[in-house]
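Structural overview for review
Okay, here's what each chain looks like letter by letter:
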Amino acid sequence: MDEKDLEKEISSQKYSTLVTKLKGRFGRSILETSVFRGEVTHVVEKDVIADVCSFVKRENDMQFNFLSDVLGVDSRATLSCFEVVYHLYSIPFKMRIRLKVRVKENETVPTVTSVWRSADFAERETFDMFGIVFDGHPNMKRIYLPQDWEGYPLRKDYPLVGYKDEYNPFGVEKK
Amino acid sequence: MAEIIPIENGDTDLMTREVTLNMGPQHPSTHGVMHLILHLQGEKVVKAEPDIGFLHRGMEKIAENLLYPQFVPYTDRLDYLSSMTNNLGYVMAVEKLIGIEIPERGKYVRVIASELSRISSHLLAVGAWGLDLGAITLVLYAFREREMIMDLFEMLCGARLTYNYMKIGGVRGDLPPGFKERCREFVRLFPKRVDEYEGLLTGNRIWLQRNKGIGIVSAEDAINLGLTGPSLRGSGVSWDIRKDEPYLVYDRFDFKVPVGENGDCFDRYMCRVEEMRQAARIVEQALDQLPEGPVNADVPEFVAPSRKDITTNMEALIHHFKLIAHGFKPPVGEVYTSIEAPKGEIGYYIKSDGTEKPFRVKIRAPSFVNLQSVDPLSRGLYFADVVAVISSLDPVFGEVDK
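Rules behind the numbers
Residues numbered from 1 in each chain as written. Chains lettered and ligands numbered in written order. Predicted model: local features only at pLDDT ≥ 70, side-chain atom pairs only at ≥ 80, totals over all residues. Heavy atoms only, no water. Axes fitted to C-alpha atoms, helices over the stretch in contact; angles between N-to-C directions. Helix = DSSP H or I, 4+ residues; strand = E, 2+ residues; numbered from the N terminus. Parallel < 35°, antiparallel > 145°, perpendicular 65-115°, else oblique. Left-handed = near helix turned anticlockwise from the far one by under 90°. Contact = heavy atoms within 4.5 Å. Nonpolar A, V, L, I, M, F, W, Y, C, P; charged D, E, K, R; others polar. 1 Å grid on protein atoms, 1.4 Å probe; cavity = no way out; pocket = protein on both sides within 12 Å on 5 of 7 lines; lining within 4 Å. Points joined across faces, edges and corners; volume = space filled by probe spheres on them. Buried area = accessible area lost by both parts, 1.4 Å probe. Salt bridge = Lys/Arg side-chain N within 4 Å of Asp/Glu carboxyl O. Polar contact = N/O pair within 3.5 Å; in protein donor to acceptor, adjacent residues only side chain to side chain. Pairing = 2+ DSSP bridges. Core = buried A, V, L, I, M, F, W, Y, C linked by side-chain atoms within 4.5 Å. Buried < 20%, exposed > 50% of the residue type's maximum accessible area, 1.4 Å probe, protein only. Patch = residues over 30% accessible without salt bridge, like charges linked within 9 Å, V, L, I, M, F, W, Y side chains within 5 Å. Areas by Shrake-Rupley, 256 points an atom, 1.4 Å probe, with all protein chains shown as cover.

Residues and elements named next belong to chain B. Where helix α5 (residues 136–157) contacts helix α6 (residues 179–201), the two axes come as close as 11 Å, and the packing angle between them is 165 degrees. Here α5 lies roughly antiparallel to α6, going by the angle between them. Helix-helix and strand crossings are classified by hand; for α5 and α6 the assignment is left-handed. In this structure, α5 contributes Thr137, Leu138, Tyr141, Ala142, Arg144, Glu145, Met148, Ile149, Asp151, Leu152, Met155 and Leu156 to the contact, and α6 contributes Phe179, Arg182, Cys183, Phe186, Leu189, Phe190, Arg193, Glu196, Tyr197, Leu200 and Leu201. Residues that form the contact of α5 with α6 fall into these classes: 16 nonpolar, one polar and six charged.

Okay, the layout of surface pockets next. The calculated volume of the largest pocket comes to roughly 780 Å³. Put simply, the parts of the chain that give the lining of the largest pocket at least two residues each are α2 (13–26), β2 (39–44), β4 (81–90) and β5 (95–103) of chain A together with α3 (83–98), α4 (104–132) and β7 (333–341) of chain B. Counted by class, the lining of the largest pocket contains 14 nonpolar, five polar and twelve charged residues.

With 45 residues of chain A at the interface, the matching set in chain B holds 47 residues. Overall, the association of chain A and chain B removes approximately 3800 Å² of surface from exposure, summing both partners, and the carbon and sulfur fraction of that is 56%. For chain A, the biggest contributors to the area lost against chain B are Arg37, Phe121 and Tyr144 of chain A; these three give 19% of the whole. At the junction of chain A and chain B, the tally comes to eleven salt bridges. With a shortest N-O distance of 3.5 Å, Glu125 of chain A and Lys362 of chain B are connected by a salt bridge. Across the contact surface, chain A and chain B share 28 residue pairs in polar contact (both at pLDDT 80 or more). Counting residues per element, the ones that place at least two in the side of chain A that touches chain B are β2, β3 (66–75), β4, β5 and α5 (119–130) of chain A. Sorting elements by how many residues they give to the side of chain A that touches chain B places β3 of chain A first, with nine residues. Tallied by class, the residues present in the side of chain A that touches chain B amount to 22 nonpolar, seven polar and 16 charged.

Here we come to the sheet that holds β3 of chain A. Residues and elements named next belong to chain A. Here five strands make up an open sheet; going across it, the order is β1-β2-β5-β4-β3 and the pairing mixed. Every interior strand has two partners, whereas the edge strands, β1 (30–36) and β3, have only one. Each strand axis lies, on average, 20 degrees off the axis of its neighbour in the sheet, ignoring direction. Summarising the sheet, β3 and β4 pair through nine bridges and their orientation is antiparallel.

Moving on: the nonpolar core. With 163 residues, the main nonpolar core has Tyr86 of chain A together with Leu116 of chain B as its most contacted residues. Ranked by the residues each element gives to this core, the list is headed by helix α11 (residues 265–289) of chain B, at eleven residues. Look past the residues within four positions of Tyr86 of chain A in its chain and what remains in contact with it is Ile49, Leu67, Asp69, Val70, Ile97, Arg98, Leu99, Val101, Val109, Pro110, Val112 and Phe134 of chain A. Grouped together as the second largest cluster of nonpolar side chains are six residues, Leu71 and Val85 of chain A together with Tyr336 and Phe359 of chain B included.

To continue, consider empty space enclosed by the protein. Within the structure shown, the criterion is met by two cavities of 30 Å³ or more. There is about 60 Å³ of room inside the largest cavity. Contributing to the lining of the largest cavity are Leu67, Ser68, Asp69, Val70, Ser118, Phe121 and Ala122 of chain A together with Phe368, Val369 and Gln372 of chain B. Looking at the lining of the largest cavity, the elements that each hand over two or more residues are β3 and α5 of chain A together with α14 (366–371) of chain B. Ranked by residue count, the leading element in the lining of the largest cavity is β3 of chain A, at four residues.

This part is about a nonpolar patch on the surface. Residues and elements named next belong to chain A. Together, Leu160, Val161 and Val172 line one region of the surface with nonpolar side chains, adding up to about 250 Å² of accessible area. Along the chain, the position of Val161 falls in the segment after β7 (133–135). Taking the relative accessible area as the measure of exposure, Val161 reaches 49% and is therefore partly exposed.

In this section: the pattern of salt bridges. Tallied over the entire structure, the rule returns 54 salt bridges over all chains. Salt-bridge contacts for Glu150 of chain A lead to Lys174 of chain A; the nearest nitrogen and oxygen are separated by 3.0 Å. With Glu150 of chain A in the segment after β7 and Lys174 of chain A in the segment after β7, this residue pair connects regions lying 24 residues apart in the sequence. Here Arg379 of chain B and Asp375 of chain B are joined by a salt bridge, their closest N and O atoms 2.9 Å apart. With a relative accessible area of 43%, Arg379 of chain B lands in the partly exposed category.

Now for the sheet that holds strand β9 (residues 360–364) of chain B. Residue and element names in this part refer to chain B. What the three strands build is an open sheet, ordered β7-β8-β9; its pairing is antiparallel. Edge positions in the sheet fall to β7 and β9, since each of these pairs with one other strand and no more. Strand-to-strand twist of the sheet, defined as the mean angle between neighbouring strand axes without regard to direction, takes the value 10 degrees. Alignment of β7 against strand β8 (residues 344–352), held across nine bridges, turns out to be antiparallel. Looking at the pairing, Ile339 lines up with Ile346 of β8. Relative to the sheet, α3 contacts β7 and β8, its axis offset from that of β7 by approximately 150 degrees.

Another aspect to go through is the pairing of β4 of chain A. Residues and elements named next belong to chain A. A large share of β4 lies buried, amounting to ten of its ten residues. Residues Cys81, Glu83, Val85, His87 and Tyr89 point to one face of β4 and Phe82, Val84, Tyr86, Leu88 and Ser90 to the other, with burial holding for every one of them. The hairpin turn running from β4 into β5, its antiparallel successor, is four residues long, and Lys94 in that turn takes a positive phi close to 55 degrees.

Phi is positive for Ser80 of chain A, close to 55 degrees, though the residue is something other than glycine. For Ser80 of chain A, the position within the fold is in the loop between α4 (76–79) and β4. By relative accessible area, which is 47% here, Ser80 of chain A ends up partly exposed. The backbone phi angle of Asp394 of chain B is positive, close to 55 degrees, even though this residue is not glycine. Take Asp394 of chain B: it is sitting in the loop between α16 (383–393) and α17 (397–401).

Purely spatial values, then, with no claim about function.
Here is the structure:
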C-alpha cells in the first residue's frame, strides 16, 4: 500500500482511533504505522511497549482487554533484528490491532505480563524459540524444549533437521 | 525442602507436609502428554505447574520450509479432534494474504464441515470428561454419535481423523451424492441424543457435586488469562468470533451463543452441550440455504483445478502440476486470521516475504493458551477436582505442543 492509500485508510472512521490517538499519545515512540488487508500495525520503541499496551487496554474508546498472542519473527536478514509481535483484541469494540517491537540480539524486551496474565506462556514460547528474554517475566524459562537445550529452533540459522548429537545422527554438524 | 505446617483446625499434634506430586505425562485424565507438577498440602492443591513439550513437532519451523498449500495437511494434526477448523483457519489466512474470495456454495460447505466438526469435538470433550469423573456410559453414547459424523466426513474427504478437506480457494470437492440426506438425518436425530446425555449428567447428583462450584473463574480473570471458546463463555463473556467478527456466511444463520453465570466447570459443560444443539441448528439452516454453483474460486494463479478437470483436460493437468510443484507467490505482507474453533480462538499469523514459502507462520492455539489457567483454577481445590478442571478446559496436546 502506498502512502496515499494509507492516508485514505487512516482517515476512515475505523482507523482514526487505532492510528491517530495512539500516535497523538506516544508521538515519536511510534516508529512506523502500516495498514495491510485492513489490519493496522504499529512498530513501537521497545522501552514503551508495556506503556502502550496499558494505554490501549485502559483507554475508553479502545479497551484492548484481550491479548490474543505474542510471537517472535527472525528478521535479522532484512532488518538486522528480531521482531516481537503482539496481537490485541478489544472485546467491547470488536477491533484488532497489531503492535511490534524490534530487538537486537542479546537485547531484552519489557514483559507485558503485568498488563495481561495471558502473556505468560506466549512470552515463554517466544523466549524458547528465539532466545528473546522478557524483562520482569515471573517465570522466564523454556516451555517446549528441555531446560538444557542449546539453541533456538525458530531462528532462521537453526537447521531444519537440528544439530548432530548422540540422539540425532542425521543432524547438521555444529560449526 | 518441604515445609511443615499445622493443619487448619489448629491441632498442633497433627502436621501436614507439602508434597510434590507428578501427575502424567501419560495420565489418562490429562487428555494427552501433560506433566502436571502438583504441590499439595494433604489433598489440597497449593500450586499446579503444567510441564508441556513432550509432543513438540516444530510445526511452525516445518511451515517455513514448505509451499503454502503443502502446509494444509499439517494443520490437521494440530487439534486432531477438529481438523476441519484447523484447516479452515489456515486456508482463510492464506486467502486473506493473497486477497481472494471463495464462492457462496464453498462458504456454506465450509460452514457445514466446521459445525459438524464442532459437534464431534464437543462430543469427545463431554464424553471424556464423563469418563474422567467416572461416568463411563457417556463416552460410549458420545462415540455413537461421533461415529455418524465420522461417516459423513468419510463421504466428504475419505478420512475419519485427519480430514484434509479445506484447500486454499475452496474445498477439495463438492458434497457427494447422498451427503445432504444423511446429514439431515443426523441433525434431526441429534437433539434427542443430546437430551439423553443431559438425562445422564445434567441432573446427576454426583456430576453436579463434582462440577458445580469447582474451578471458578470470573469474567474479568478469564479474559485476563486469555481463555477463549466455551471456557471463556462459561464465565459469562458472550464473545464468539462467529457472531462478533462473522466470517464465511455465519451472519446469515439464526443461532444463540450460550453463556454461563458462575464460571465453574458445570457452566463450561452446559456451554458445550448447548453449543452442540446450536451447531446442529446451523448445519440444518446451511443445508436449507445451500446455493448452487461452484465450490472453488476461479483464480487459476492460486487455486488448483478440480480433480475432474485434471483427469480430462491436459491444460488443467499441467496447471495442477505447476501449482503443486512450484506453489504461488503471495504479495509481501502479514496477516492474522482467527476463527471460532471448538476449543476457542484459533489464529494464524502469516508473514510473507514474497516468495513461495511463508517467512513465518505462527499458530495461536486455543488449547495452549487455555492451559495456563490450570494453575489459577486449581489452587485451593482438592486433588480430585484438578481432573474436572483439566477436562473442563478440553485441552488437546497436538495443539498445545504443536
